[in-house]
Amino acid sequence: EAQVTQNPRYLITVTGKKLTVTCSQNMNHEYMSWYRQDPGLGLRQIYYSMNVEVTDKGDVPEGYKVSRKEKRNFPLILESPSPNQTSLYFCASSLSRLAGDYEQYFGPGTRLTVT
Amino acid sequence: QKEVEQNSGPLSVPEGAIASLNCTYSDRGSQSFFWYRQYSGKSPELIMSIYSNGDKEDGRFTAQLNKASQYVSLLIRDSQPSDSATYLCAVITPDTGRRALTFGSGTRLQVQP
């Protein structure tokens, strides 16, 4: 089954304790992205990757890191989480850089709480 | 500033009726338009994409795009209670190639049995 998976689905942690949220897709998609969703602010892009070893900042990258060592995986790293990073996080992927082929498919989400 | 505007609703329609959801966007360079459905606490699910002016139909869903007026709409025919969800309009403006989806705040649809 074609899908985007994320782990963990739920995470409660404390300020300053490094964590990684994994994202994996089995569709051979080149493009992957991370979004966060907050009440009143909607969905906002954190980081994206056009292909292996090619990553760049989105709208709200502060406090986050990413890597893209393999095509299928795009982990989101919080080196020192803070309470304002409490949010619902989604990973998304898209097939191709070809014009007009920008449909993005979302993973199930990770609900993160930082205390 | 790129913006996507939607009426937050709730939009309430009886079962079997047509639900009409609207979205306007501010960036004339926008070229790709999407409708996502999101149930509470779940991930956005892509239901329609549209790239050129006019209508695009897929089952009970029809997306309409008018680039001159900068609006995109979604019609849901024969609405079912299971259609009750928040519908997110999203736009991509390929200025930097980062292909970020800019989302509207969503319209909550309630289909009354």
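Residues numbered from 1 in each chain as written. Chains lettered and ligands numbered in written order. Predicted model: local features only at pLDDT ≥ 70, side-chain atom pairs only at ≥ 80, totals over all residues. Heavy atoms only, no water.

Explain the sheet that holds strand 8 (residues 71–76) of chain B here, please?
Consider a sheet: its strands pair through backbone hydrogen bonds, and that pairing is either parallel or antiparallel. All names here are of chain B. With respect to topology, five strands assemble into an open sheet ordered 1-3-8-7-6, the strand pairing being antiparallel. Two strands in the sheet have a free side with no partner beyond their single neighbour: strand 1 (4–6) and strand 6 (54–58). Neighbour-to-neighbour, the strand axes of the sheet open up by a mean angle of 20°, direction not taken into account. Pairing of strand 6 with strand 7 (residues 61–66) involves five bridges; the strand directions are antiparallel. When the sheet's bridge partners are listed, Glu 57 is paired in strand 7 with Thr 62. (Pairing = 2+ DSSP bridges. Helix = DSSP H or I, 4+ residues; strand = E, 2+ residues; numbered from the N terminus. Axes fitted to C-alpha atoms, helices over the stretch in contact; angles between N-to-C directions.)

Help me understand the nonpolar core in this model?
A general trend in soluble globular proteins is that nonpolar side chains are found buried together. Among the nonpolar cores identified, the biggest contains 23 residues, and Phe 33, Trp 35, Val 72, Leu 74, Ile 76, Tyr 87 and Leu 109 of chain B are the most heavily contacted of them. At the level of elements, strand 3 (19–25), strand 4 (32–38), strand 5 (45–50), strand 7, strand 8, strand 9 (85–92) and strand 11 (107–112) of chain B are the ones that each hand at least two residues to this core. In contact with Phe 33 of chain B, other than residues within four places in its own chain, are Tyr 25, Met 48, Ser 49, Ile 50, Leu 65, Lys 67, Val 72, Ala 90 and Val 91 of chain B. Counting residues in each nonpolar core, the second largest holds 19 residues, with Met 27, Met 32, Leu 78 and Tyr 89 of chain A among its members. (Core = buried A, V, L, I, M, F, W, Y, C linked by side-chain atoms within 4.5 Å. Buried < 20%, exposed > 50% of the residue type's maximum accessible area, 1.4 Å probe, protein only. Contact = heavy atoms within 4.5 Å.)

Mind showing me how you'd approach the sheet that holds strand 3 (residues 19–25) of chain A here?
All names here are of chain A. Taken in spatial order, the four strands of this open sheet run 1-3-8-7, and their pairing is antiparallel. Every interior strand has two partners, whereas the edge strands, strand 1 (4–7) and strand 7 (65–66), have only one. Pairing analysis gives four bridges linking strand 1 to strand 3, with the strands arranged antiparallel. From the neighbouring strand, Asn 7 faces strand 3, where its bridge partner is Thr 22.

Please clarify how the state of the cysteines should be interpreted in this entry.
Structurally, a disulfide amounts to a covalent bond that connects the sulfur atoms of two cysteines. Residue and element names in this part refer to chain A. The final tally for this structure, using the stated rule, is two disulfides over all chains. Disulfide partner of Cys 23: Cys 91, at an S-S distance of 1.9 Å. Handedness of the Cys 23-Cys 91 disulfide follows from its S-S torsion of about -70°: it is left-handed. You can see Cys 23 sitting in strand 3 and its partner Cys 91 sitting in strand 9 (residues 87–94), a full 68 residues away along the chain. There is no split in this pair, since Cys 23 and Cys 91 are both buried. (Disulfide = S-S within 2.5 Å.)

Please clarify how the pattern of salt bridges should be interpreted in this entry.
Here the idea is simple: oppositely charged side chains can pair when their charged atoms come close. Residues and elements named next belong to chain A. Counting across every chain of the model gives seven salt bridges over all chains. Among the ionic pairs, Lys 18 bridges to Glu 79, the shortest N-O distance being 4.0 Å. With a gap of 61 residues between them, Lys 18 in the loop between strand 2 (10–13) and strand 3 and Glu 79 in the loop between strand 8 (76–78) and strand 9 connect regions that are remote in the sequence. Under the relative-accessibility criterion, Glu 79 is labelled partly exposed at 37%. In this structure, Lys 65 engages Glu 79 in a salt bridge whose closest nitrogen and oxygen atoms are separated by 2.9 Å. Of this pair, Lys 65 sits in strand 7 while Glu 79 is found in the loop between strand 8 and strand 9, placing the two residues 14 residues apart along the sequence. Ionic contacts of the salt-bridge type, sharing partners, join the residues Lys 18, Lys 65 and Glu 79 into one network. (Salt bridge = Lys/Arg side-chain N within 4 Å of Asp/Glu carboxyl O.)

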